[in-house]
Structures are given as structure tokens and as C-alpha cells.
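# Inside the fold
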Amino acid sequence: MQIPVNLEKDSYNVIIERGALAKAEEIFNLDRKVLVVTDSGVPAEYAAKIAGKAREAVLVVLPEGEQTKTLESFGNLCQKLLDEGFTRKDCVVAVGGGVVGDLAGFAAACYMRGIDFYNVPTTLLAQVDSSVGGKTAVDLGSVKNIVGAFHQPKAVLIDPDVLKTLSPRQFACGAAEIIKMAMTFDKAQFEKIQREGVAADLDYHIARAVAIKAGVVEQDEKESGPRKALNFGHTLGHGIESVTGMLHGECVALGMLPMCTLDLRPTLAEMLRKEGLPTECRADSAAVTAAAMHDKKAEAGSVVTVRVNKTGSFEFVKADAEDMRKLYEECFW
Ligand SMILES: NC(=O)c1ccc[n+]([C@@H]2O[C@H](COP(=O)([O-])OP(=O)(O)OC[C@H]3O[C@@H](n4cnc5c(N)ncnc54)[C@H](O)[C@@H]3O)[C@@H](O)[C@H]2O)c1
């Protein structure tokens, strides 16, 4: 299956196909120098498959985990591109989760003011969310994604077979992002997940989430308006993440609960529980709220939150720290 992302000169296709990794050279132009970036937690065979198809491959294996998403790693990647003589005609391929994709994409965005970038997302979260839309970034200290650029990939290759090696906990994080998309944009998909869970029809849910994300990005590439809807669950989620250190998708799952109406909460909580996601949070409300409001999306003491009153739809509501504290406490305390 092929899902186009129509962005005029920056348009590209997202290919979703089991086994596609073995024929990457049909989807990407690998007949040049290719920097293949992966991390130590991604089974080595995935990056090796891409490297094996390149005319000249340079492989970089980074330490796994969010702590790799730094300016230092970014500098090292750029240095590698320079040392290996990469030119504007060459390219970078990310083979990994959101950490590898965001970092390698940022290096591709900046090296020689931008070279071609391809993404092979290997976590469910990266397949349904971070690989599409062109956001690339690194963290600065504890502030996530604060230095970055918009740089659309030339193509995205999603091979659901690579998820067989993913841990159940990481799989659940991707399921949280799928639920986020369904709850805000697609009532029928939400009800399907409610009936049978995500894994029962995984390829369908990946494709639906990618199509939803592509549609939103086409409307609002630089997140000046509607793209903010994809932040459903993310404001409190980021606060919970920085206070507890739980995984991103787990915190998004928790962050969605206070942002939907009381009548929807039990349905959402039940769905999250079935996917192995947390539904209770005891982290200190003042600390969570302060961290949420320090998020880069905060403007003059308030944030634009995404609320769901009816599944498959959303509205934007401005909230200050006190509103956020009340929502959090009412839901979890
Ligand atoms: N650019 C965007 O639009 C966007 C959107 C959402 C999240 N993000 C970013 O994405 C990052 C989180 O991404 P993530 O959840 O993919 O985390 P991750 O990249 O850290 O991957 C999670 C873990 O899974 C391992 N892994 C990856 N693929 C595997 C596979 N197939 N089998 C076994 N193990 C595998 C990795 O080594 C890592 O240890 C965060 O930095 C977040 O800020 C970016």
C-alpha cells in the first residue's frame, strides 16, 4: 500500500508492505553514498539490509535511548558525513525508532543545508507517527525536541514485519498513538479497536494512522493550526514524562484521560488497559503541571489543549496552569 503525502515540491510516498525491507532499493534511490543510521537496540539485520543495497554504505550505530538525541550526536553525524565525503547528491537513511529518525533527519536537514533523507521506522510509534510529517529534532538538557527543523523525507518505508522483535512495552506505546489518532479523527477505527484491540488488524491501524497524519500534515505542515490536534494527550503527557521518566507512549496514554469528557474516560481507560498501557498516575500534580507548562508549546502562561467530547472529533481549548492542575487532579487523585 502506498499513502501519498502531498506537499507540493516536498511530496513523498509512505509505503506500507510486509517484506518491503528486502527490496528497499526499489523504493529509495540507493545508487549513491548512503549514511545508514541505526541504534544498538534495533536488530542489526534491518540496517544491514539497507546497507547491502547501497552503492556505497557508511553505517553508524548509536547507543539506544532518548539520551542519544543530543546536539553532540548530531554533531558527530555531521562530522561523519563530512569525513566520508558526502555531497548534496548523497543521502541519509534512518533505520530505527523515533530517536534515530529525529536525529538522522535533523543531520540530513542541516548537512550542506539539506540532503535527501529516507526513513525506515522500526517501532510502532515511529511507523504510525514520528516518521511522517518532517519534524526532526534533538533535545537540549531536559527539554525535548527544542532544536530542530522541518525536513520532509523523500520516502518512508514501513515494513510491519520488523515489529516482531519489538518488546510488548514498546508496542503498547505505538498503540497509544494509534488510539490518539482514532479518538480524535476516526470514530469507526476507535470502535474497531474497542471491539478487537490494535494487534488483531495491525496493518489496517498502521495505514489508518498514517493516512490521518498525512492528511493533517498536508493541511498544516508547520503546525500553525490543525496539526496541533496531534498533540492530544501530549501536554500533560510531557509533564508526566519529565517527572516520572516513563516511556513517551505510556505518558501520552495517561495524558489523554483528563482531556476527554467524564463519560468517555471509562471506555478509553478500558481500551488502554487492554493494550497494556497505564491508566493511573500518582505523580505530584504541581510538578507535572509545572513541567507541562514549561513545554515549548506554552505561550504566555497558557497552552492550547486538545479536548475530546465525542470520539472521532476534537476541539482546542486554552488552559493555564491552574486549569491543568485541576484536570490532572480530578482524573488521577
Ligand atoms: N518527529 C515526530 O513527529 C515525533 C513524533 C512522536 C515522537 N517523536 C520522538 O520519537 C522518540 C520516541 O520514539 P520511539 O518510541 O520509537 O523510541 P526509540 O527510538 O527510543 O525506540 C524504542 C526502543 O526500541 C528499540 N527498537 C527499535 N526498533 C526495534 C525493533 N524493530 N525491534 C526491537 N527493538 C527495537 C530501540 O533500540 C529503542 O531501544 C522520542 O524522541 C520522541 O520525541 C517524534
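Computed from a predicted model, the values in this text were never measured in an experiment.

Glancing now at the nonpolar core. Counting residues in each nonpolar core, the largest one holds 108 residues, and the members touching the most others are Val37, Val92, Val93, Val95, Ala107 and Val210. Broken down by element, the residue count for this core peaks at 10 residues, all from helix α6 (residues 168–185). Here this core spans two domains, since at least three of its residues come from each of domain 1 (2–164) and domain 2 (168–332).

Let's shift gears to the sheet that holds strand β1 (residues 2–5). Taken in spatial order, the 7 strands of this open sheet run β1-β2-β9-β6-β5-β3-β4, and their pairing is mixed. The strands lining the two open edges of the sheet, one partner per strand, are β1 and β4 (56–62). Averaged over neighbouring strand pairs, the angle between their axes works out to 15° when direction is ignored. In this structure, strand β6 (residues 116–121) lies alongside strand β9 (residues 155–158), joined through 2 bridges in parallel fashion. In the strand pairing of β9, Tyr118 is matched with Ala155. In the packing of helix α3 (residues 71–83) onto the sheet, contacts are made with β3 (33–39) and β4, and the angle to β4 comes to roughly 160°. Sheet contacts for helix α8 (residues 202–219): β1, β2 (12–16) and β9; angle to β1, the most-contacted strand, approximately 15°.

The next thing to look at is α3. Under the 1.5 Å per step criterion, the end-to-end length of α3 is 18 Å for 13 residues, consistent within 8% with the ideal 18 Å. All buried positions along α3 are accounted for by Ser73, Phe74, Leu77 and Leu81. Viewed end-on, α3 has its buried residues packed into an arc of 105°, placing them on one side of the element. Structural note: α3 exposes Leu71, Glu72, Gly75, Gln79, Leu82 and Asp83 on the side pointing more than 90 degrees away from its buried face. Looking at the buried residues of α3, the elements they touch are β3, β4, α4 (98–110) and β7 (135–140). Immediately beyond the C-terminal end of α3, within one or two residues, lies Gly85, with a positive phi of roughly 75°.

Phi at Arg113 is positive, roughly 65°, even though this residue is not glycine. Along the chain, the position of Arg113 falls in the loop between α4 and β6. One non-glycine residue with positive phi stands out, namely Glu223, at about 60°. Overall, the presence of 17 C-beta atoms within 10 Å leaves Glu223 in the partly exposed class.

What follows deals with the domain arrangement of the protein. According to the domain assignment, the protein contains domain 1 (2–164) and domain 2 (168–332). Domain 1 and domain 2 are separated by 25 Å when their C-alpha centres are compared. Contacts between the two partners involve 20 residues from domain 1 and, on the opposite side, 23 residues from domain 2. Listed by contribution, the elements that provide at least two residues to the side of domain 1 that touches domain 2 are β1, β2, α5 (124–130) and β8 (143–150).

When you tally the buried positions in β6, you get 5 out of 6 residues, the bulk of the element. In this sheet, β6 lies alongside strand β5 (residues 91–96) in parallel orientation, the contact comprising 6 bridges. Its bridge partner being in β6, Cys91 is matched across the sheet by Asp116. Handedness of the β-α-β unit built from β5, α4 and β6 comes out right-handed.

What counts and how
Residues numbered from 1 in each chain as written. Predicted model: local features only at pLDDT ≥ 70, side-chain atom pairs only at ≥ 80, totals over all residues. Core = buried A, V, L, I, M, F, W, Y, C linked by C-beta atoms within 7 Å. Buried ≥ 20, exposed ≤ 12 C-beta atoms within 10 Å, placed from the backbone. Helix = DSSP H or I, 4+ residues; strand = E, 2+ residues; numbered from the N terminus. Domains from an automatic or database assignment. Pairing = 2+ DSSP bridges. Axes fitted to C-alpha atoms, helices over the stretch in contact; angles between N-to-C directions. Contact = placed C-beta atoms within 7 Å. Expected span 1.5 Å × (residues − 1). Arc of directions from axis to C-beta. Right-handed = clockwise from strand over helix to strand, strands pointing away.

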